[in-house]
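Observations on the model geometry
Spelled out from the first residue to the last, the chains are:
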Amino acid sequence: MKLLIANWKMNLVDHQNWLSSFDSNFNKSHINNSLKIIICPNFLQLADMSQKNSLSNRFIFGAQNVSENPPGAYTGEISVEHLLEIGIDYCIVGHSERRALGETDFIVKDKVEKLLSKKITPVICIGESFEIQKNNETKTFLLSQLELLLKDKNLNLNKCVFAYEPLWAIGKGIPADLSTIKTSISYIKKVFDEYNLSLTILYGGSVNEKNSSEILSVDHISGFLVGNSSLDGKEFANIAKNF
Ligand code: PEP
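The following paragraphs examine the structure supplied in this document. (Residues numbered from 1 in each chain as written. Predicted model: local features only at pLDDT ≥ 70, side-chain atom pairs only at ≥ 80, totals over all residues. Heavy atoms only, no water.)

1. Considering the site of the ligand
As a reminder of what qualifies: Neighbouring residues are identified by heavy atoms, a residue being near a molecule or strand if any of them is within 4 Å of it. Polar contacts here mean pairs of N or O atoms no more than 3.5 Å apart (in protein, one a potential hydrogen donor and the other a potential acceptor; neighbouring residues in sequence count only if both atoms are side-chain atoms). What sets the accessible areas is the Shrake-Rupley method with a 1.4 Å probe; for residues, cover comes only from the shown protein chains.
Near the ligand lie 14 residues; those nearest to it are Lys9, His95, Glu165, Gly171 and Ser206. A distance of 2.8 Å separates an oxygen atom of the ligand from a polar atom in the side chain of Glu165. At 2.6 Å from an oxygen atom of the ligand is found a main-chain nitrogen or oxygen belonging to Gly171. Expressed as a share of its isolated accessible area of 300 Å², the protein-covered part of the ligand is 99%.

2. Observations concerning the packing of aromatic side chains
Just so we agree on the cut-off: Working definition: a ring pair exists when centres of Phe, Tyr or Trp rings (six-membered ring for Trp) sit within 6.5 Å. Plane angles under 30 degrees give stacked, over 60 give edge-to-face, the rest tilted. Counting from the N terminus, the helices are the DSSP runs of H or I reaching at least four residues and the strands are the DSSP runs of E reaching at least two. Each residue gets one of three labels from its accessible area relative to the maximum for its type: buried under 20%, exposed over 50%, partly exposed in between, using a 1.4 Å probe on protein chains only.
Scanning all chains against the criterion turns up ten aromatic pairs. Seen in terms of ring centroids, Tyr164 and Tyr203 are 6.5 Å apart; in terms of plane orientation they differ by 55°. Their pairing is tilted. Of this pair, Tyr164 sits in strand S6 (residues 161–164) while Tyr203 is found in strand S7 (residues 201–204), placing the two residues 39 residues apart along the sequence. Under the relative-accessibility criterion, Tyr164 is labelled buried at 0%. Through a chain of ring-to-ring contacts, three or more aromatic side chains come together here, namely Trp8, Trp18, Phe22, Phe26, Phe59 and Phe236.

3. Let's talk about helix H9 (residues 178–194)
The criterion, for reference: Expected span of a helix: the number of residues minus one, times 1.5 Å. To be clear, the arc concerns the directions from the helix axis to the C-beta atoms. Any two residues whose heavy atoms approach within 4.5 Å at even a single point are treated as in contact.
If you check H9, its first and last C-alpha atoms are 24 Å apart, about what 17 residues at 1.5 Å a residue would give, namely 24 Å. Among all positions in H9, only Thr180, Ile181, Ser184, Ile185, Tyr187, Ile188, Val191 and Phe192 are buried. Down the axis of H9, the smallest arc covering the buried residues is 155°, so these residues share one side. Turning to H9, the residues buried within the fold contact strand S5 (121–126), helix H7 (130–134), helix H8 (138–151), S6, S7 and helix H10 (212–216). Of the residues flanking the end of H9, it is Asn196, one or two places downstream, whose phi is positive at about 55°.

4. A few points about the side chain of Asn25
Along the chain, Asn25 falls in helix H1 (residues 15–25). A distance of 3.0 Å separates the side chain of Asn25 from the backbone oxygen of Ser21, its partner in a polar contact. Discounting residues that sit within four places of it in the chain, Asn25 has contacts with His30, Lys234, Ala237, Asn238 and Lys241.

5. Things to note about the pairing of S6
As a reminder of what qualifies: Any two strands with at least two DSSP bridges between them are considered paired. Looking down the strands as they point away from you, a crossover is right-handed if its path from the first strand over the helix to the second goes clockwise.
Side chains Val161 and Ala163 of S6 all project onto a buried face; the interleaved residues Phe162 and Tyr164 project onto the opposite face, where all are buried too. Two elements, S5 and S6, share four bridges in a ladder whose sense is parallel. Of the residues in S6, the one forming a bridge with Ile124 is Phe162. For the handedness criterion, the β-α-β arrangement of S6, H9 and S7 is classed as right-handed.

6. Comments concerning the sheet that holds strand S8 (residues 223–226)
The condition is simple: Note on geometry: axes are C-alpha line fits, over the in-contact stretch for helices, and angles between N-to-C directions span 0 to 180 degrees.
Taken in spatial order, the eight strands of this closed barrel run S1-S2-S3-S4-S5-S6-S7-S8, and their pairing is parallel. Strand-to-strand twist across the sheet, computed as the mean angle between neighbouring axes with direction ignored, equals 25°. With four bridges connecting them, strand S1 (residues 2–7) and S8 associate as parallel partners. Looking at S8, one finds that Ile5 is bridged to Leu225. Most of the contacts of H9 go to S6, to which it runs at about 150°, and overall it touches S5, S6 and S7. Here helix H11 (residues 233–241) sits on the sheet and contacts S1, strand S2 (35–40) and S8; the angle it forms with S1, its principal contact strand, is near 165°.

7. A closer look at the pattern of salt bridges
Between side chains of opposite charge, a pair can form as their charged atoms come close. The condition is simple: Salt bridges, as used here, are contacts in which a Lys or Arg side-chain nitrogen is within 4 Å of a carboxyl oxygen on Asp or Glu.
Overall, the coordinates contain eleven salt bridges when judged by the stated rule. Asp48 serves as the salt-bridge partner of Lys52, at 2.8 Å between the closest nitrogen and oxygen. Residue Asp48 is classed as partly exposed on the basis of its relative accessible area of 34%. Ionic pairing is found between Lys190 and Glu194, a salt bridge with its closest N-O pair at 3.7 Å. Taken together, the residues Lys190 and Glu194, both in helix H9 and four residues apart, mark about one turn of the helix. A relative accessible area of 56% places Glu194 in the exposed class. Three or more residues are tied together by salt bridges with common partners; here these are Arg98, Glu103 and Lys111.

8. A look at the packing of H8 against H9
Heads up, the rule is: Crossing handedness is read from the near helix: turned anticlockwise from the far helix by less than a right angle, it gives a left-handed crossing, and turned clockwise, a right-handed one. In this classification, the charged set is Asp, Glu, Lys and Arg, the nonpolar set is Ala, Val, Leu, Ile, Met, Phe, Trp, Tyr, Cys and Pro, and all remaining amino acids, among them Gly, are polar.
At a minimum axis distance of 11 Å, the contact between H8 and H9 shows a crossing angle of 35°. Here H8 and H9 pass one another in a crossing that is right-handed. Contact residues: H8 offers Thr138, Lys139, Leu142, Leu143, Leu146 and Leu150, while H9 offers Thr183, Ser184, Tyr187, Ile188, Val191 and Phe192. Of the residues belonging to the contact of H8 with H9, the class tally is eight nonpolar, three polar and one charged.

Here it is as structure tokens:
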């Protein structure tokens with residue numbers, strides 16, 4: 001199964017316009033039963049869009065974030081139980097933009113645990129900074145981001161999706177070079193193999209309609225997490241057609 005995830009972040013996306021652009025570029029003949037298209041809008045749109053039958057039978061909906069805490073006195077937060085109430089199937093965790101706001105590997109693990117307990121699939125983002133890449137420390141860093149998760153024998157990581165997103169390629173318009181993507185993804189696969197885990201790994205970082213076919217050809221990549229190029233329904237449809 002391949003996955004294509006749109007992360008709309010906090011952008012203002014008119015979902016009606018987005019859908020008509022998507023639909024005029026993606027017709028019935030493009031439907032690919034081995035591709036799941038997952039849209040992660042803001043929480044307000046998520047509650048609205050995920051309840052519309054006309055949308056929920058074509059797309060899967062995901063949250064961009066969730067609290068690591070149980071329901072209760074946490075002003076402004078959204079719990080896993082809230083996501084469950086509206087039937088959400090996927091949730092991004094550990095995105096670099098959230099890590100920059102203080103989301104640690106411990107918090108990521110708590111979120112993963114809570115999501116899995118409610119059968120919501122965590123999409124766990126990992127990836128190194130430019131500095132780390134330059135110092136040839138990518139493998140050590142990726143392992144450090146995975147370690148807490150791998151050591152917890154109670155977590156069924158086979159039920160998670162991982163997204164390799166080198167920070168230096170996010171939102172830059174130029175993705176990581178194929179050789180870096182290949183090296184990092186095969187390293188992550190090797191680590192997973194050592195733990196007898198099967199791997200669902202996506203790439204994220206400046207994927208667009210022009211570069212997506214080539215990146216998709218890299219071994220062990222099961223799809224993409226897309227930011228900027230997911231904001232335009234037409235471009236996102238063109239990426240979906242490349243699967
Ligand atoms: C992201 O933020 O996860 C991302 C991949 O963004 P972009 O596609 O804009 O690089």
